[in-house]
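Fold and contact review
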Amino acid sequence: MGNLLYIIAVILVIIWAISFLGGYATGNIIHTLLVIAIIVVLLRVIRGAA
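Small disclaimer: the values here were computed from a predicted structure and weren't measured. Residue positions are given per chain, counted from 1 along the sequence in the order it is written. Totals for whole chains, interfaces and linings use all residues, but because this is a predicted model, local features are given only for residues with pLDDT of at least 70 and pairs of side-chain atoms are given and counted only at 80 or more. Side-chain measures were taken over the full set of non-hydrogen atoms in the model, leaving aside hydrogen atoms and water.

Secondary structure is summarised from DSSP: a helix means a run of H or I of at least four residues, a strand means a run of E of at least two, and numbering begins at the N terminus for each. Within the chain, the secondary structure is distributed over two helices and zero strands. The cut-offs for exposure are 20% and 50% of the maximum accessible area for each residue type, with area from a 1.4 Å probe on protein chains only; residues under the lower value are buried, those over the upper are exposed, and the others partly exposed. Out of the 50 residues belonging to the chain, those deemed buried represent 12%.

This next bit is on a nonpolar patch on the surface. Patches draw on residues past 30% relative accessible area with no salt bridge. Two like charges within 9 Å are joined, as are two nonpolar side chains (Val, Leu, Ile, Met, Phe, Trp, Tyr) within 5 Å. Using the Shrake-Rupley algorithm and a 1.4 Å probe, accessible areas are obtained, with residue cover drawn only from the displayed protein chains. Salt bridge criterion: a side-chain nitrogen from Lys or Arg within 4 Å of a carboxyl oxygen from Asp or Glu. Side chains of Tyr6, Val10, Ile14 and Ile18 sit close together on the surface and give an oily, nonpolar patch of about 360 Å² of accessible area. Position of Val10 among the secondary structure elements: in helix H1 (residues 2-22).

Right, let's talk about the environment of Ala17 for a bit. Examined against the element boundaries, Ala17 turns out to sit in helix H1. Taking the relative accessible area as the measure of exposure, Ala17 reaches 26% and is therefore partly exposed. Note: C-alpha distance between Ala17 and Leu34 (17 residues apart in sequence) is 9.7 Å.

And the structure:
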């Protein structure tokens, strides 16, 4: 399950980067998803190090 969340987080970051660099107006939802993706990655790193 942890690997699935990590993959989803990476995909969300890639989508955000493409939309940000492409100049498309994606609204607040993509930024909310990006924050969630970063939190998931940080939790995974912290749990992996502990």
